[in-house]
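An overview of the molecular structure
The lines below spell out each chain.
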Amino acid sequence: MDKNKIVIGLTFLLLFTVIFPYNLPTRHASANGEQLYVNAEILYLREGPGLSYPILDTLKEGTELISIEKEGDWHHVKIGQQKGWVASWLVKSAESKSAAKSEKTVIAQVNALNLRAAPSLSAAVLAKISSGTESEFLRQEQDWIQIQYGETTGWVFAEYVTIKEATILEAPSSPAEEEKNESPSVQSPQNDPNIFTINVNAVNIRKKADLTSKKLGVATNGQQFKVVSRNHNWVEIEYKKGKKGWIYSFYGTFAKQEQHVDSNEKEEENNFVTIIYNGTNLRESASTSSNVVTRADAGHTYPIVESEDDWFKIELNDGKTAYVANWVVTENNTDGYAAQNQADQLAERKQGTLKGVTIVLDAGHGGNDRGTTGARGTDEKDINIITAELLRSKLQAAGANVVMTRESDIFVDLRKRVAISHQANADAFISIHYDALEDSSVHGFTTYYTNGYQQELAEYVHAGLAAKISLKDRGARFGDYLVLRENRQNAILLELGYLSNPAEERAITTDYYREQATLGIYQGLLNYFDAQLEQ
């Protein structure tokens, strides 16, 4: 009897597995064959489901795709005979039907919010966003949010923004209908995979598709170049007639933009330097060991002939050429620190705020200069900039005009840092560091000043720190540092703990410590400037 039951059961099971697929479509099958279209300026077709996979092709906005399958946030798609993977947040369904959807916008909480090329503090800054500006939310990765800001896609730190969500009714149309309904009066960049337009203030053109390769020159915001070829995330361009070089693709877009130039003067806006030190050496070649052709005083301007590594080749008044180091000049396309500061100084200082105060934050080291490396492997340059970014948000919220000497993982010469302080006419220059010694038992935090007029600021900030962090207090003391010694402004240097002490390294590399330390520095600065009002 039991044997008969088993045979009957197996028979029904076999019939069920054979018949069921023909009667009910599977969920997976219904997802296949979905029609999509590209909903971004450009979209990379990749070999696999992730940003690290090689790029197979570049797709224009409106390109129709067929979905083969979906894996996480990625669609496996077919375009003609070609197959590849695309990011789901950059495509839309081509189905035309009314639907309710949730739309998110991102609102900047601070002024000069950095829009970065990737979700990292070391990524290039594509643009600065003003407080209150709304942008389209694309997606979120841990503490970073990807947004669409005008024509630029980039990442902002989640702590500095507010997300607004609203449910709306929409009736999506096909790409063809959208194109037909578009107002002819609206001008937008023309997508063109053969033209690469720079989106950042300045980017190096390199000999090879490698960040360590020789620099051939510098491309500036708005410049457009003919695309020669591509290699993963690198673009080969023709930067001069017959001359080719490579640019990292994060620093621009494949779009041809209208050039609104009213006169030939626009061409001259981005091609001269201004000397910022009296007695600056102008040399025969791009080296500090070459002969001095002549000397120039602060305020003199010279046309740029070309850029070579960290040097500018400039044209002198007599038509001859010479070289000047980029850390002793300012380019005319900089942010205009001094002019901005003069306007900010007109703002009335109020007790309990930092309105009308300009503060330069100097994140120590960067680029090839890693600073010290902790007992547990922490690179000082990385936590310096994270700390500086966190402090900036607090100072800006209190009304301060904050200038950063570096905003990504780049090398900045010490004299250039001092020059930024002078250009900004800084009310305070704060250099942020973490310490190290061969003796791993040494621990604590220290505040340094060099000139007598810097001592009062050092003592106020040090007291603010001491009230918020529990490390050993090593005091506010004299220290002979170039960024303090050569600085005409009120400048101090902070050593916020010892990375060479394993226990202290563990404590000072936490989010909690950085929050408390920056709160202490902020409070110290507030107390200092409030005290100035009372004098």
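Given the structure is predicted, the values throughout are model-derived calculations rather than measurements.

Taken in spatial order, the six strands of this open sheet run β32-β31-β33-β36-β34-β35, and their pairing is mixed. Two strands in the sheet have a free side with no partner beyond their single neighbour: β32 (401–404) and β35 (473–478). Each adjacent strand pair in this sheet contributes to an overall mean axis angle of 20 degrees, direction not counted. Bridge analysis of strand β34 (residues 445–449) against β35 gives four bridges, and the strand direction is parallel. Residue pairing in the sheet places T447 in a bridge with A476 of β35.

Below, the discussion takes up the nonpolar core. The nonpolar side chains of a soluble globular protein tend to be buried, and buried together. Residues L354, I359, L395, I430 and L525 are the most contacted members of the largest nonpolar core, which totals 39 residues. When residues of this core are traced back to their parent elements, those giving at least two are β31 (358–363), α5 (380–397), β32, β33 (428–435), β34, α7 (455–466), β36 (491–498) and α10 (511–534). Counting residues per element, this core draws most heavily on α10, which supplies eight residues. Aside from chain neighbours lying at most four places away, what touches I430 is I359, V360, L361, D362, I492, L494 and L525. Counting 17 residues, the second-largest nonpolar core is a separate cluster that includes V106, A108, I145 and I147.

Here V86 lies in strand β6 (residues 82–87). For V86, the residues in contact, after removing those within four places along its chain, are L43, Y44, L45, L59, L65, D73, W74, H75, V77 and V91.

A few words now on empty space enclosed by the protein. This model, assessed by the stated rule, comprises three cavities of 30 Å³ or more. Put simply, the largest cavity is a space of about 60 Å³. Together, L113, N114, R116, L121, W144, F157, Y160, E389 and R392 line the largest cavity. Of all elements in the fold, only β9 (113–116) and α5 reach the threshold of two or more residues within the lining of the largest cavity. The class makeup of the residues in the lining of the largest cavity is five nonpolar, one polar and three charged.

The next point concerns the confidence of the model for the protein chain. Across the protein chain, the average pLDDT comes to 77, with 75% of residues at 70 or higher. For the protein chain, the element scoring lowest by mean pLDDT is helix α2 (residues 27–31), at 38; β34 scores highest, at 97. Here residues 96–100 scores under 50 on pLDDT; set against residues more than four positions off or in separate chains, the count is 13 contacts. With pLDDT under 50 throughout, residues 167–189 is counted as low confidence; its partners more than four residues away or in other chains account for 29 contacts.

Most of strand β5 (residues 74–79) sits out of view: five of its six residues are buried. Inspection of the sheet shows strand β4 (residues 64–71) paired to β5 by five bridges, in the antiparallel sense. Counterpart to E69 in the pairing with β5 is H76. Between the end of β4 and the start of β5, which pair antiparallel, lie two residues, with G72 showing a positive phi angle near 65 degrees. Where β5 meets β6, six bridges bridge the pair, whose relative direction is antiparallel. For K78, the partnering residue across the bridge sits in β6 and is K83. Turn length for the β5-β6 hairpin, with the two strands adjacent in sequence and antiparallel, is two residues, and the turn residue G80 shows positive phi of about 65 degrees.

Quick notes on the rules
Residues numbered from 1 in each chain as written. Predicted model: local features only at pLDDT ≥ 70, side-chain atom pairs only at ≥ 80, totals over all residues. Heavy atoms only, no water. Pairing = 2+ DSSP bridges. Helix = DSSP H or I, 4+ residues; strand = E, 2+ residues; numbered from the N terminus. Axes fitted to C-alpha atoms, helices over the stretch in contact; angles between N-to-C directions. Core = buried A, V, L, I, M, F, W, Y, C linked by side-chain atoms within 4.5 Å. Buried < 20%, exposed > 50% of the residue type's maximum accessible area, 1.4 Å probe, protein only. Contact = heavy atoms within 4.5 Å. 1 Å grid on protein atoms, 1.4 Å probe; cavity = no way out; pocket = protein on both sides within 12 Å on 5 of 7 lines; lining within 4 Å. Points joined across faces, edges and corners; volume = space filled by probe spheres on them. Nonpolar A, V, L, I, M, F, W, Y, C, P; charged D, E, K, R; others polar. pLDDT = per-residue confidence, 0-100.

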